[in-house]
Amino acid sequence: MFSSLLALGLLSSPTAQAAGGDLLFSAGGGWIWMDQAEDLDSTWGASVRLGQGIGDHFFIEAQTTYGQGRSRISWLDASGVEAGNYIYHTYSPRIEALVNLAPDFPLQPTFGVGGGAIYKEVWADRNVTEIAPNWEEFGNHKNPDFDVLFSAGPGFFLHLFGPINLRTDFRYLMTIGGDSEVTANGPDTYSHWELISGLTF
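Because the structure is predicted, anything quoted here is derived from the model rather than measured.

So, the side chain of Asp-35
Argument step 1. Locating Asp-35 in the fold gives a position in the loop between strand 1 (23-33) and strand 2 (43-54).
Argument step 2. Of note is the side chain of Asp-35, whose polar atom sits 2.8 Å from the backbone nitrogen of Ala-37.
Argument step 3. Ignoring sequence-local partners within four residues, the contact set of Asp-35 consists of Leu-40, Arg-72, Tyr-190, Ser-191 and His-192.

Right, here's the structure in full:
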């Protein structure tokens, strides 16, 4: 009974939140699940956001996420034996419109949608672009690569104290390359997933 009353109180009590016109700064980290057809493996990501409030429910945010991981492309030593995987990094700057669905409550569901670009670079001693799949069946795209990115997905704010909030965002990411980047693996179009959690103030 006590726990039910406590939960009801948390959900119904007003909390200090960013009002219309306020700036929001967010920083966090998480995981990026790369498309299995992509020649880059899934990896960690770190993100920063700067948002401007428009009314009580809407924000416009500028965001960039950095990731670094291993390519699924392996390199061979002089004897032809697999010796390891290339390291890669990505930058994905974007602009998102964020809707706060319940700004007066401690737990506030959100939804964001936006777009931008993604820059992908494999740290190789050569350009790993290939017009046909290599011995691992990957048809690699140009390196470095710069594609259009679209993002959409839910999230939430959880009020901690004062202006500090825990923030989590889950995004579907679609990246689209140009016609000139079509390879033996198909079009340069991929679907990724991103989960970032951190603090907002």
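There's more to say after this.
Notes on the nonpolar core
Generally speaking, nonpolar side chains in soluble globular proteins are found buried as a group.
Argument step 1. Of all hydrophobic cores here, the largest spans seven residues; its members are Ile-32, Met-34, Leu-40, Ile-73, Tyr-86, Tyr-88 and Val-122.
Argument step 2. Ignoring anything within four residues of it in the chain, the contact list for Leu-40 reads Met-34, Asp-35, Arg-70, Ser-71, Arg-72, Tyr-88, Thr-90, Lys-120 and Val-122.

Observations concerning the pairing of strand 6 (residues 107-123)
Argument step 1. As paired strands, strand 5 (residues 94-100) and strand 6 are joined by seven bridges and run antiparallel to one another. Paired with Glu-96 across the two strands is Gly-114, which belongs to strand 6.
Argument step 2. In this structure, the hairpin formed by strand 5 and strand 6 is closed by a connection of six residues.

So, a nonpolar patch on the surface
Argument step 1. A cluster of nonpolar side chains, namely Leu-23, Phe-25, Val-48, Leu-50, Leu-107, Leu-158, Leu-160, Phe-161, Leu-199 and Phe-201, defines an oily patch on the protein surface of about 910 Å² accessible area.
Argument step 2. Taken together, the elements giving at least two residues each to the nonpolar patch come down to strand 1, strand 2 and strand 7 (145-161).
Argument step 3. Per-element tally for the nonpolar patch: the top contributor is strand 7, with three residues.
Argument step 4. Position of Leu-199 among the secondary structure elements: in strand 9 (residues 189-200).

Criteria and thresholds
All chains use their own residue numbering, which begins from 1 and follows the written sequence. A pLDDT threshold of at least 70 governs which residues receive local features in this predicted model, and a stricter bar of 80 or more applies before side-chain atom pairs are shown or counted, although totals over entire chains, interfaces and linings include all residues. The side-chain figures draw on all heavy atoms in the structure; neither hydrogens nor water molecules are used. Every helix listed is a DSSP run of H or I at least four residues long, and every strand listed is a run of E at least two residues long, numbered separately from the N terminus. Under the rule applied, a polar contact is a pair of N or O atoms within 3.5 Å (in protein, one hydrogen donor and one hydrogen acceptor; residues adjacent in sequence only if both atoms are side-chain atoms). Whether two residues touch is decided by their heavy atoms; if any such pair falls within 4.5 Å, the residues are in contact. Side-chain atoms within 4.5 Å are what join buried Ala, Val, Leu, Ile, Met, Phe, Trp, Tyr and Cys residues into a set we call a nonpolar core. We call a residue buried when its accessible area falls under 20% of the maximum for its residue type, exposed when it is over 50%, and partly exposed in between, using a 1.4 Å probe and counting protein chains only. Here, any two strands with at least 2 DSSP bridges between them count as paired. Put simply, a patch holds well-exposed residues, over 30% relative accessible area, that have no salt bridge, with like charges counted together within 9 Å and Val, Leu, Ile, Met, Phe, Trp or Tyr side chains within 5 Å. Here the open area of atoms and residues is found with the Shrake-Rupley method and a 1.4 Å probe, where only the protein chains shown may cover a residue. Here, a salt bridge means any side-chain nitrogen of Lys or Arg that lies within 4 Å of a carboxyl oxygen of Asp or Glu.

Take it as geometry only, folks, not as evidence of what the structure does.
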